[in-house]
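Letter by letter, the chains look like this.
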Amino acid sequence: MTPHRKKTGTRLTGRIVFPGNPSYHAARMEFNRRFSKFPKVIVFCRRTQDVINAVKWAREQGVRLRVRSGRHSYEGFSAVNGGIIIDVSAMNKVKVDRKNRVAIVQAGNPLARVYKKLWNKRVTLPAGTAPDVGVAGLTLGGGIGLLSRKYGLTCDNLKQVKMVVASGRYGAKTIVANRRKHSDLLWASRGGGGGNFGVAIAYTFRVRPISTVSIYRVTWKWGDLEKVLPVWQRWAPSVTNRLTSTIEVAAKKVGTIESTGQLLGGAEELRRLIRPLLRAGTPVKVLVKTVPFIKATQFFAETDLNLEPKFKISGAYGFQPLPREGVRMIRDFLSKAPNRHSTVWSQSLGGAGSAVSRVSPTATAYPHRKAETIYELSARWRNNGEQRRNIQWVKRFRRALSPFVKGDYVNFPDLLIKNWPKAYYGVNFGRLKQVKRKYDPHNVFRFAQSIPVGKQSRHSYSQPDRRKDCRQPRFGG
Ligand SMILES: Cc1cc2nc3c(=O)[nH]c(=O)nc-3n(C[C@H](O)[C@H](O)[C@H](O)COP(=O)(O)OP(=O)(O)OC[C@H]3O[C@@H](n4cnc5c(N)ncnc54)[C@H](O)[C@@H]3O)c2cc1C
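- If you look the protein up in an unreviewed UniProt entry, it shows as FAD-linked oxidoreductase YvdP from Paenibacillus solanacearum.
- The Sequence similarities (unreviewed entry) comment attached to the protein in UniProt states, word for word, "Belongs to the oxygen-dependent FAD-linked oxidoreductase family."
- The Cofactor (unreviewed entry) field of the UniProt record for the protein holds the comment "FAD".

### Quick notes on the overall build of the protein
- Across its full length, the protein holds 16 helices and 18 strands.
- Here the C-alpha atoms of the protein give a radius of gyration of 22 Å, agreeing with the 23 Å that 2.2 N^0.38 yields for 477 residues.
- Projected onto the principal axes, the alpha-carbon positions of the protein cover approximately 70 × 55 × 45 Å.
- Here the contacts in the protein between residues at least 6 apart in sequence split such that 74% fall between residues at least 24 apart.
- Taken as two groups, the 88 positive and 28 negative side-chain charges of the protein have centres that lie 6 Å from each other.

### Looking at the packing of aromatic side chains
- For the structure on display, the rule yields 19 aromatic pairs.
- Their ring planes at 5° and their centres at 6.2 Å tell us that tyrosine 425 and phenylalanine 429 sit as a pair that is stacked. For the pair shown, tyrosine 425 and phenylalanine 429 are each scored as buried.
- An aromatic cluster of three or more residues is present, and its members are Phe31, Tyr74, Phe311, Tyr317, Trp345, Tyr366, Tyr409 and Phe412.
- Taking the ring centre of tyrosine 170 as reference, the NZ or CZ of arginine 169 above it sits at 5.9 Å.

### Examining the sheet that holds strand β8 (residues 158–167)
- One open sheet accounts for 5 strands, arranged β5-β6-β10-β8-β9; its pairing is antiparallel. The open sheet is flanked by β5 (94–97) and β9 (171–177), the only strands paired with a single partner. When strand polarity is set aside, the average angle formed by the axes of neighbouring strands in this sheet is 10°.
- Along the sheet, helix α2 (residues 48–61) makes contact with β8, β9 and β10 (199–206), crossing β9 at roughly 135°.

### Overview of the domain arrangement of the protein
- What the domain assignment lists for the protein is domain 1 (15–87), domain 2 (94–209) and domain 3 (212–401).
- On a C-alpha basis, the centres of domain 2 and domain 3 stand 25 Å from each other.
- Between domain 2 and domain 3, the contact holds 25 residues from the first and 41 residues from the second.
- Three residues, Trp119, Leu146 and Arg149, lead the burial of domain 2 against domain 3; their summed loss comes to 37% of the area buried on that side.
- Between domain 2 and domain 3 we count 1 salt bridge in total.

### Overview of the pattern of salt bridges
- Inspection of the entire model under this criterion finds 13 salt bridges.
- Between arginine 369 and aspartate 156 there is a salt bridge, with the nearest N and O atoms lying 2.7 Å from each other. Pair noted here: arginine 369 is in the loop between α12 (355–358) and β18 (373–381) and aspartate 156 is in the loop between α5 (148–151) and β8, with a separation of 213 residues, a long-range link.
- Classification of arginine 369 by relative accessible area gives buried; the value is 0%.
- Taking relative accessible area as the criterion, aspartate 156 reaches 18% and is therefore assigned buried.
- The shortest N-O distance in the salt bridge between lysine 312 and aspartate 414 comes to 2.7 Å. Note that lysine 312 is positioned in strand β16 (residues 310–318) and aspartate 414 in the loop between α13 (387–401) and α14 (420–425), a separation of 102 residues in sequence.
- Residue lysine 312 is classed as buried on the basis of its relative accessible area, which comes to 0%.
- By sharing partners, the salt bridges in this structure join Arg34, Glu75, Lys312 and Asp414 into a single network.

### A short note on the packing of helix α7 (residues 225–235) against helix α11 (residues 324–335)
- At their nearest, the axes of α7 and α11 sit 10 Å apart, and the two run at 130° to each other. Put simply, α7 runs oblique to α11. Viewed along their axes, α7 and α11 form a crossing whose handedness is right-handed. Contact residues: α7 offers Leu225, Glu226, Leu229 and Pro230, while α11 offers Val327, Arg328, Ile330 and Arg331.
- Residues of the contact of α7 with α11, tallied by class, amount to 5 nonpolar, no polar and 3 charged.

### Some remarks on the pairing of β8
- Bridging between β8 and β10 involves 6 bridges; their strand directions are antiparallel. Bridge assignment links valine 161 to a residue of β10, and that residue is tyrosine 203.
- Pairing analysis gives 7 bridges linking β8 to β9, with the strands arranged antiparallel. By the bridge assignment, lysine 162 is partnered in β9 with valine 176.
- Here β8 hands over to β9 after 3 residues, with glycine 168 in that stretch at a positive phi of 60°.

Parameters at a glance
- Residues numbered from 1 in each chain as written.
- Predicted model: local features only at pLDDT ≥ 70, side-chain atom pairs only at ≥ 80, totals over all residues.
- Heavy atoms only, no water.
- UniProt positions renumbered as here; feature names shortened; annotations may be inferred.
- Helix = DSSP H or I, 4+ residues; strand = E, 2+ residues; numbered from the N terminus.
- Rg over C-alpha atoms; globule rule 2.2 N^0.38 Å.
- Contact = heavy atoms within 4.5 Å.
- Lys, Arg positive; Asp, Glu negative; His and termini not counted.
- Charge placed at Lys NZ, Arg CZ, Asp CG, Glu CD.
- Phe/Tyr/Trp six-rings, centres within 6.5 Å; stacked < 30°, edge-to-face > 60°.
- Buried < 20%, exposed > 50% of the residue type's maximum accessible area, 1.4 Å probe, protein only.
- Lys NZ or Arg CZ within 6 Å of the ring centre and 35° of its normal.
- Pairing = 2+ DSSP bridges.
- Axes fitted to C-alpha atoms, helices over the stretch in contact; angles between N-to-C directions.
- Domains from an automatic or database assignment.
- Buried area = accessible area lost by both parts, 1.4 Å probe.
- Salt bridge = Lys/Arg side-chain N within 4 Å of Asp/Glu carboxyl O.
- Parallel < 35°, antiparallel > 145°, perpendicular 65-115°, else oblique.
- Left-handed = near helix turned anticlockwise from the far one by under 90°.
- Nonpolar A, V, L, I, M, F, W, Y, C, P; charged D, E, K, R; others polar.

Below, the structure written as C-alpha cells:
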C-alpha cells in the first residue's frame, strides 16, 4: 500500500488500511461488537518508527488517535470514528532472560502467546485468563489472574516500559521509563490505564520459574447460591496465597454455580484446601488435578464469549463478604436476568498474605490494594433490539449492589459510572493528572474516560468524545 503523505508532512508507515480496503472491516472491529466505529485509517505498526510516524501524522493533520493492541476494551476505547487507530499487534516479539528472571515482551502480544513463549523457558508472569486479551492494555490497567495472590498484579511485575509519547507541538519521541528514569511514568503505567500517556511499545517484566500447578473446578446447582457464595467469600481470601480462585453464578435459567482455582502445589493439598467449599451445599461435579502450567492457562481460557458478541460489563471491589442482603440481591437479579448469558463473576485478590494487598495503595497507580475480591456483572446478547434491556439490567444491578461494594477496576471500564476518576483511581487520581500534564500536556491521548490535563469538573471529563464515538443508550439518573 502506498504510504499516505501530506505535502510537507510526516508519512504514515507500516501496514496502512483505509476505508475501501478489503481488510478494512476486519481491521476496524473491536472484540465487543456493541461498538462499530469507522476510523479514517488504521495503521498496523511493525517498528517503533511506524508508531512515531503515526503519532506525528495524527498531530500534524489534527486527526484524533487511538492506541490498540488486543482490542478487548469493554467500552470500545481502542476504536474511533473518523480518526486514526495505531495498532501495535504486529509488534509481538518476546525475549526471555531466564538467568536474570526477566522478559522483554513487545506490546502487541496477546496473553496466550506470552504464556507460550515464557513456558518454553519454564517461566511465567502473573496475568489474565483470556487468551486474546492484549498484554498491553491488561498491564497498564493492573492485570489480575490466577497467580495474583502469590505473585501480584501483572503491573507489579513491570520493571520498565518503552513508550512513544507526544513531544513539542507536533512531534513524538520514544522514552524508557523505569525506577531511575521517568519513574513517575512507570508509576502511572502500573494501573493508570491504557491509552492515557502514550503508546507502549515494550515491557520488561520480572518472571517466575514455573512447572506444574493444581487446578480445581466445583459445580453446584443454582439453588445452593445462598449456601455457597458466603462460604466462598470467606474462604477464598483466607486460604494460602498460593491459591487464587473464582466463582461464577450463572443466570437462573442456566442454573449453575461454578468455582475454579489454581494452586502452586499438589493435587492432594488442593483437595484438602477446598474442603470448606465442598461442605457448602451439594456439589454436583468436582474436578481436581495437577497439570503442566501451560495446560492450566488453557483450562482457564474463556472460549464461549464468541457466542454472544455484544456485551456490557461493570466491575466492583469487595472489601468484606457480602451481607445476606447482598447475596439476596444477586439471587434476585440473576432470577430476572435479561437472558441466559448474564452472570456474576468474582475472583479472590487480597486477604491472607496476598501479594496484591502487600503493596501500598499509592505505591503504584492501582489503588484497590485492600480489596478482598473483585466482581464482574455482565450481560451478553446478539441482536441490537436486546441492547437497551441488557444495559439497563447491568446498570440497575450495579446500583443495587453499591451499598456493599466499592470502586471499579479501570480494565473493567463502565461509561455509566459518573464519578469514574474516583472509582478507578481513588487517592491516585491527583498524581495521575500531574503525570498526564508532564507527558501529554496537549492531551493527544484522549478518549471518553482518559485522564484529563486540566481541571475540568468530573461531569465534563468525557464530553468531547461521548458525542461522537461513544454511542450507547444513556439513561437518566
Ligand atoms: C474476554 C475478556 C477477558 C478478560 N480477562 C481479564 C483477566 O483475566 N484479567 C484482567 O485483568 N483483565 C481481563 N480483561 C480486561 C482486560 O484487561 C482489558 O479489557 C484490557 O484493557 C484489554 O487490553 P487490550 O490490549 O486487549 O485491549 P485494547 O482494546 O486494545 O486496549 C485497551 C485500552 O488500552 C489502550 N492500549 C492498548 N494498547 C496500548 C498500548 N500499546 N499503549 C498504550 N495504551 C494501549 C487502549 O487505547 C485502550 O484504552 C478481560 C477482558 C475481556 C474482554
